Amino acid sequence: MTSLTLAIVMVFVAGYLCIALESLTKVNKAPVALLMCVACWTLFMVNPAEYVLPALSTAAEQSAVLAHVTTILREHLGETAETLFFLMGAMTIVEIVDCNGGFNFVRDSIQTRSKRSLLWRIAFMTFILSAILDNLTTSIVMIMVLRKLVADKKDRIVYASLVIIAANSGGAFSPIGDVTTIMLWISGAITTAGVIRELIVPSLVSMIVPAFIMQYMLKGELPKPEIKSAEDSALVFTRIQRRIIFLLGVGGLMFVPVFRYLTDLPPYIGILLVLGVLWTATELFYRNARLGADSMSTRVIALLRKIDMATILFFLGILMAVGCLSEIGVLSAMGRGLETMSHGNHYLVTGIIGVLSSIVDNVPLVAGCMGMYPIAPTGDMAVDGVFWQLLAYCAGVGGSMLIIGSAAGVVVMGLEKITFGWYMKRITWIAFVGYVAGMGSYWLIRTFLF
């Protein structure tokens, strides 16, 4: 490792520590992530030829290096922007539906006075929705529902932490439930039938075990919630119009994977389509509605202002900084080192990758593995082989061990203001136990059933 590469890694580690110690430093994580991103790429530009070309002997080579750096920055920014636009679109759609009482059916189906009973209902509802939609969108939906059911902040962040675990577990066994499974599915490393058949049980175990432990963090009953009815919360529209908004919003979110399959366009295009249709529908409804004094607060143009830009910018900084680590070869080197140390033990390699995915973004980790290990015609590296299925499970479920280890965790962290330190102290070990239990169940299934 060169001195420049070491400097970039040290900047990333220092920035990461500042993010982890947010509760002590009292400095918001978003500016730290942005500074970390800028510092990493600035150091990269000290001698970009070290990573692009072997030497800068001529002006032509220098021009080529600068052009290449511009290209890779645009590529990383484009990939990051896809995630950010998907996130902003999904958050806005959920907000529109929620403001019009659309998620009342979810609330009503899981509502109970028992805190522990509610925890189990939230766990299974999140798990199922995450496989159908995706872990990011499901997390947003469930946090909206939790705000209607649980008023106490201390209790709600326990439920919110379980939402992160259940959402990541539910996304791991579905080819459209997580960005990493989508990557593996599109590349042909896993199939729909194969990943569902062999990962649904490990994914369930990785959710049930933490839920069983976390139920002892809750005691007693919830106070009777004071919930405004849909009629009170959305007086502007008629009941039929509100149902149309619900169908367009939730149905549209379910249509996004279908739209991707039919068009091969990235998911954010589908989200923008759904947002555009839903926005147009609400504007048409407003033309004939009786507008009250507070009607402007529920219009989409007003709801857009509620987007948590701090979380968006944090996500931008983290992903771009990790992109720099990918460009200097650190992630690939880590993968090769893991392979050497493990002597080809796929459970150990993917298990460590899962732990790493809670620290750095799982997308470049999975992308690095896909580049390092070609799909083989037979054996553990074949389509639906042990390695690829374990990679899908570990990269998805492993992100639950730290709150910034997954998109679902970052979103919940922003929405509920959960600190990194609180989550690491109380939830990390629980998520790890579920993670290992799920891997153990996968080993049993592969050993005795297949």
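Conventions we followed
- Residues numbered from 1 in each chain as written.
- Predicted model: local features only at pLDDT ≥ 70, side-chain atom pairs only at ≥ 80, totals over all residues.
- Heavy atoms only, no water.
- UniProt positions renumbered as here; feature names shortened; annotations may be inferred.
- Helix = DSSP H or I, 4+ residues; strand = E, 2+ residues; numbered from the N terminus.
- Buried < 20%, exposed > 50% of the residue type's maximum accessible area, 1.4 Å probe, protein only.
- Contact = heavy atoms within 4.5 Å.
- Areas by Shrake-Rupley, 256 points an atom, 1.4 Å probe, with all protein chains shown as cover.
- Axes fitted to C-alpha atoms, helices over the stretch in contact; angles between N-to-C directions.
- Parallel < 35°, antiparallel > 145°, perpendicular 65-115°, else oblique.
- Left-handed = near helix turned anticlockwise from the far one by under 90°.
- Nonpolar A, V, L, I, M, F, W, Y, C, P; charged D, E, K, R; others polar.
- Phe/Tyr/Trp six-rings, centres within 6.5 Å; stacked < 30°, edge-to-face > 60°.
- Lys NZ or Arg CZ within 6 Å of the ring centre and 35° of its normal.
- Expected span 1.5 Å × (residues − 1).
- Core = buried A, V, L, I, M, F, W, Y, C linked by side-chain atoms within 4.5 Å.
- Salt bridge = Lys/Arg side-chain N within 4 Å of Asp/Glu carboxyl O.

By the naming in an unreviewed UniProt entry, the protein goes by Citrate transporter and is assigned to Hoylesella saccharolytica F0055. In the Sequence similarities (unreviewed entry) part of its UniProt record, the protein is described as follows: "Belongs to the NhaD Na(+)/H(+) (TC 2.A.62) antiporter family." Per UniProt, the protein has the following entry under Subcellular location (unreviewed entry): "Membrane".

**What about the overall build of the protein?**
In terms of regular secondary structure, the protein is built from 22 helices and 0 strands. Out of the 450 residues in the protein, the part that is buried amounts to 53%. A sequence separation of at least 24 residues applies to 77% of the contacts in the protein between residues at least 6 apart. Looking at the protein as shown, the accessible area adds up to about 19600 Å², and 67% of this sits on carbon and sulfur atoms.

**Some points on unusual backbone geometry**
Its identity is not glycine, yet aspartate 264 carries a phi of approximately 65 degrees, on the positive side. Inspection of the secondary structure puts aspartate 264 in the loop between helix H12 (239–263) and helix H13 (267–288).

**What about the packing of helix H17 (residues 346–356) against helix H19 (residues 386–397)?**
Contact geometry of H17 with H19 gives a least axis separation of 8 Å together with a crossing angle of 25 degrees. Relative to H19, the element H17 lies roughly parallel. Two packed elements cross with a definite hand, and for H17 against H19 that hand is right-handed. Judged by residue contacts, His346, Tyr347, Val349, Thr350, Gly351, Ile353 and Gly354 of H17 engage Val386, Phe387, Leu390, Leu391, Cys394 and Ala395 from H19. By residue class, the composition of the contact of H17 with H19 is 9 nonpolar, 4 polar and no charged.

**Quick look at the packing of helix H10 (residues 192–214) against helix H22 (residues 428–448)**
Across the interface, H10 lies against H22 with an axial gap of 8 Å and an inter-helix angle of 145 degrees. Crossing handedness for the pair H10 and H22: right-handed. Listed contacts from H22 to Glu198, Leu199, Val201, Pro202, Val205, Ser206, Val209, Pro210, Ile213 and Met214 of H10 are Trp429, Ile430, Val433, Gly434, Ala437, Gly438, Ser441, Tyr442, Ile445 and Arg446. Tallied by class, residues from the contact of H10 with H22 come to 14 nonpolar, 4 polar and 2 charged.

**Here's the deal with the packing of aromatic side chains**
Summed over all chains, the structure comprises 11 aromatic pairs. Residues tyrosine 347 and tyrosine 442 carry aromatic rings whose centres are separated by 6.3 Å and whose planes lie at 55 degrees to one another, so their mutual orientation is tilted. One end of the pair, tyrosine 347, is in helix H17; the other, tyrosine 442, is in helix H22, and 95 residues separate them in sequence. With a relative accessible area of 1%, tyrosine 442 lands in the buried category. With centroids separated by 6.0 Å and ring planes inclined at 10 degrees, the aromatic side chains of tyrosine 393 and tyrosine 435 adopt a geometry described as stacked. Taken together, the residues span a long stretch of sequence, with tyrosine 393 in helix H19 and tyrosine 435 in helix H22 at a distance of 42 residues. Just as tyrosine 393 is buried, tyrosine 435 falls in that class too. Through successive ring pairs, a cluster of aromatic residues spans Phe12, Tyr16 and Phe420. Across the ring face of phenylalanine 314, the terminal group of lysine 29 is positioned such that the distance to the ring centre comes to 5.5 Å.

**Regarding the environment of glutamine 62**
Here glutamine 62 lies in helix H4 (residues 59–99). Assessed through its relative accessible area of 44%, glutamine 62 is described here as partly exposed. It is 9.3 Å that separates the C-alpha atoms of glutamine 62 and proline 48, two residues lying 14 residues apart in sequence.

**Overview of the environment of leucine 390**
Tracing the chain through its elements places leucine 390 in helix H19. Note: C-alpha distance between leucine 390 and glycine 351 (39 residues apart in sequence) is 8.0 Å. In contact with leucine 390, other than residues within four places in its own chain, are His346, Tyr347, Thr350, Met439 and Tyr442.

**Focus on helix H7 (residues 135–149)**
With 15 residues, H7 extends 21 Å between its outermost C-alpha atoms, agreeing within 8% with the 21 Å of an ideal straight helix rising 1.5 Å per residue. Summarising burial for H7: 13 of the 15 residues are buried, a large majority.

**Remarks on the side chain of threonine 92**
Relative to the helices and strands, threonine 92 resides in helix H4. The residues touching threonine 92, leaving out its near neighbours within four places in the chain, are Leu275, Val300, Leu304 and Ile307.

**What about the nonpolar core?**
Of all hydrophobic cores here, the largest spans 135 residues; its most connected members are Phe44, Trp388 and Ile404. Ignoring anything within four residues of it in the chain, the contact list for isoleucine 404 reads Tyr16, Ile19, Phe314, Ser358, Val410, Met413 and Phe420.

**Things to note about the pattern of salt bridges**
A side chain with one charge may pair with a side chain of the opposite charge, provided their charged atoms come close. What the rule picks out here adds up to 6 salt bridges. Between glutamate 416 and arginine 147 there is a salt bridge, with the nearest N and O atoms lying 3.1 Å from each other. Within this pair, whereas glutamate 416 is found in helix H20 (residues 407–416), its partner arginine 147 is found in helix H7, the two being separated by 269 residues in sequence. The exposure class assigned to glutamate 416 is buried, which follows from its relative accessible area of 1%. According to the relative accessible area criterion, arginine 147 is partly exposed, its value standing at 39%. Where arginine 446 meets glutamate 198, a salt bridge forms, and the shortest distance between an N and an O atom there is 2.5 Å. One end of the pair, arginine 446, is in helix H22; the other, glutamate 198, is in helix H10, with 248 residues separating them in the sequence. Given a relative accessible area of 22%, arginine 446 falls into the partly exposed group. Overlapping salt bridges, with partners in common, bring together Arg147, Lys153, Arg156 and Glu416 in one network.

**Structural notes on the side chain of glutamine 389**
When you line up the elements, glutamine 389 lands in helix H19. Relative accessible area serves as the criterion here: at 0%, glutamine 389 is assigned to the buried category.

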